[in-house]
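# An overview of the molecular structure
Each chain, written out:
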Amino acid sequence: TLGATPFELERVDALGYDDYLDAQFDSRPADAAALEDALAADPSCAEAALHLGRVRLLDGRDAEAERSLRVAAAGDTIPVRYLAMMFLGVIAERQARYDDAATQYRAAFEAFRWGQSAPLALSHVLMRTGREQEAREALAVHFTTTRGRTVEPLWTYLANPATDLGPSLDQLRAEVWR
């Protein structure tokens, strides 16, 4: 499963895939309600907006997801902005708005140049629209910029928070490599 953490894979093994999926879907309404409460208390909370946007994205509620993700994309925390722009790109790509998707993926890359998902997603969407040279250039810029060193906020976003330091570790690595 894309983005599954070792903890999640252990749960899949323990529960069986169908029961695991049922448990994931059953918890999302409660998760969304808690996040909506957090945003009601602080409408500018970028992290809550990011998480709610992802829940709505997973539920296929793109318009609601997009509203939340735009709040997150305007936040101060670089990894949160990066992820919000990536998820906005996913929505645009899913709706066949490929130019909008490319814009979001470019913005994510500009916000956090050490990530690998943004240039890969950008390259993919450019290839889908027949822009092969631009697709290759997007990857070349990434490899030139990072010199083979990658820190991906998506890795820690999908990781088990009990065993991972999260976005702060991503930012620390990026600062060290600068």
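Each remark here, short or long, concerns the structure printed above.
Residues numbered from 1 in each chain as written. Predicted model: local features only at pLDDT ≥ 70, side-chain atom pairs only at ≥ 80, totals over all residues. Heavy atoms only, no water.

## Describing the overall build of the chain
In terms of regular secondary structure, the chain is built from 10 helices and 0 strands. When the elements of the chain are put in sequence order from the N terminus, they spell out α-α-α-α-α-α-α-α-α-α. Here the chain holds 178 residues, and 38% of them are scored as buried. At a minimum sequence separation of 6, the contacts of the chain that also span at least 24 residues come to 53%. In the form shown here, the chain has an accessible surface area of approximately 9,700 Å², with 55% of it arising from carbon and sulfur atoms. (Helix = DSSP H or I, 4+ residues; strand = E, 2+ residues; numbered from the N terminus. Buried < 20%, exposed > 50% of the residue type's maximum accessible area, 1.4 Å probe, protein only. Contact = heavy atoms within 4.5 Å. Areas by Shrake-Rupley, 256 points an atom, 1.4 Å probe, with all protein chains shown as cover.)

## So, the pattern of salt bridges
The tally for this structure, following the rule as stated, stands at 12 salt bridges. With its nearest N and O atoms 3.2 Å apart, the salt bridge here joins arginine 56 to glutamate 64. One salt bridge in this structure joins arginine 94 and aspartate 62, with 2.3 Å as the shortest N-O distance. Placement of the pair is arginine 94 in helix H5 (residues 78–94) and aspartate 62 in helix H4 (residues 62–73), with a sequence separation of 32 residues. When salt bridges that share partners are traced, they join Glu36, Arg56, Arg61 and Glu64 into one network. (Salt bridge = Lys/Arg side-chain N within 4 Å of Asp/Glu carboxyl O.)

## Focus: the nonpolar core
By size, the foremost hydrophobic cluster in this structure holds 39 residues, and its most contacted members are Leu50, Leu69, Tyr82, Met86, Phe87, Tyr105 and Leu122. Listing elements by their share of this core, those giving two or more residues are helix H2 (17–41), helix H3 (46–58), H4, H5, helix H6 (98–111), helix H7 (117–128) and helix H8 (132–146). Looking at which element gives the most residues to this core, the answer is H5, with 10 residues. The residues contacting tyrosine 105, other than those within four sequence positions of it, are Met86, Gly89, Val90, Glu93, Ala118, Ala121, Leu122 and Val125. (Core = buried A, V, L, I, M, F, W, Y, C linked by side-chain atoms within 4.5 Å.)

## With respect to the packing of aromatic side chains
In this description, a pair of aromatic rings is defined by centroid distance and the angle of the planes. Per the counting criterion, the structure on display carries 1 aromatic pair. Considering the side-chain rings of tyrosine 82 and phenylalanine 112, the 5.8 Å spacing of their centres and the 70° angle between planes classify their relative orientation as edge-to-face. With tyrosine 82 in helix H5 and phenylalanine 112 in the loop between H6 and H7, this pair connects stretches of sequence that are 30 residues apart. The pair tyrosine 82 / phenylalanine 112 is uniform in exposure class, with both members buried. (Phe/Tyr/Trp six-rings, centres within 6.5 Å; stacked < 30°, edge-to-face > 60°.)

## Remarks on the packing of H5 against H7
It is the contact of H5 with H7, at a shortest axis distance of 11 Å, that shows an interaxial angle of 20°. It follows that H5 is roughly parallel to H7 by the angle criterion. In the crossing of H5 with H7, the sense of the turn from one axis to the other is left-handed. Side by side, H5 and H7 meet where Tyr82, Met86 and Glu93 of the first sit next to Ser117, Ala118, Ala121, His124, Val125 and Arg128 of the second. Partitioned by chemical class, the residues of the contact of H5 with H7 number 5 nonpolar, 2 polar and 2 charged. (Axes fitted to C-alpha atoms, helices over the stretch in contact; angles between N-to-C directions. Parallel < 35°, antiparallel > 145°, perpendicular 65-115°, else oblique. Left-handed = near helix turned anticlockwise from the far one by under 90°. Nonpolar A, V, L, I, M, F, W, Y, C, P; charged D, E, K, R; others polar.)

## Some details on H8
The terminal C-alpha atoms of H8 lie 22 Å apart, and with 15 residues this matches the ideal 21 Å at 1.5 Å per residue to within 8%. Here H8 has its buried residues at Ala135, Ala138, His142 and Thr146. Angularly, the buried residues of H8 cover 60° about the axis, an arc narrow enough to put them on a single face. Seen from the open side of H8, the exposed residues pointing more than 90 degrees away from its buried face are Phe143 and Thr144. Check the buried side of H8 and you find it contacts H6 and H7. Phi turns positive, to about 50°, at arginine 147, one or two residues after H8. (Expected span 1.5 Å × (residues − 1). Arc of directions from axis to C-beta.)

## So, H6
Residues lying three or four places apart along an α-helix face the same way, a consequence of the helix completing one turn every 3.6 residues. Taking 1.5 Å as the rise per residue, H6 with 14 residues should run 20 Å; its terminal C-alpha atoms sit 20 Å apart, in good agreement. All of the buried residues along H6 are Ala101, Ala102, Gln104, Tyr105, Ala108, Phe109 and Ala111. Tucked inside the fold, the buried residues of H6 contact H4, H5, H7 and H8.

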